[in-house]
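Here are the chains, one letter per residue:
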Amino acid sequence: RSVIDLGHQLGLEVVAEGIENAATLHYLAEHGADLIQGYYLARPMPASALSEWIRSHQSRQDEWAARQILTGRGH
């Protein structure tokens with residue numbers, strides 16, 4: 001939480017890496033991480049598969065955006 005706050009105080013967007021489970025995702029969302037990445041969201045994939053992955057996971061992206069807006073952290 002301190003690292004997230006420090007990043008925001010410096011005017012930076014905070015990218016949380018290494019998300020491996022829902023509990024970590026929810027914790028980081030509640031504490032204001034701006035962006036997330038990790039195996040919980042997706043394993044590494046070829047660039048050619050990215051568009052399809054985005055389409056098939058739109059609800060997860062919408063959930064993250066909604067959580068950020070509801071907590072006053074949406075951009």
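Our structure is the block above this text.
Residues numbered from 1 in each chain as written. Predicted model: local features only at pLDDT ≥ 70, side-chain atom pairs only at ≥ 80, totals over all residues. Heavy atoms only, no water.

Bringing the overall build of the protein chain into the picture now. Secondary structure summary: the protein chain contains 4 helices and 2 strands in total. Start at the N end of the protein chain and walk to the C end: the helices and strands fall as α-β-α-β-α-α. When each of the 75 residues of the protein chain is scored for burial, the buried share is 23%. Pairs at least 24 apart in sequence give 43% of the contacts found in the protein chain among residues at least 6 apart. As presented, the protein chain carries roughly 5,300 Å² of accessible surface, and 55% of it is formed by carbon and sulfur atoms. (Helix = DSSP H or I, 4+ residues; strand = E, 2+ residues; numbered from the N terminus. Buried < 20%, exposed > 50% of the residue type's maximum accessible area, 1.4 Å probe, protein only. Contact = heavy atoms within 4.5 Å. Areas by Shrake-Rupley, 256 points an atom, 1.4 Å probe, with all protein chains shown as cover.)

A few words now on the pattern of salt bridges. Throughout the structure, instances matching the rule amount to 1 salt bridge. Its salt-bridge partner being Glu52, residue Arg55 comes within 3.4 Å of it at the nearest N-O pair. Remark: Glu52 and Arg55 occur in helix H3 (residues 47-56); sequence separation between them is 3 residues, near one turn of the helix. Judged by its relative accessible area of 58%, Arg55 is exposed. By relative accessible area, Glu52 is classed as partly exposed at 46%. (Salt bridge = Lys/Arg side-chain N within 4 Å of Asp/Glu carboxyl O.)

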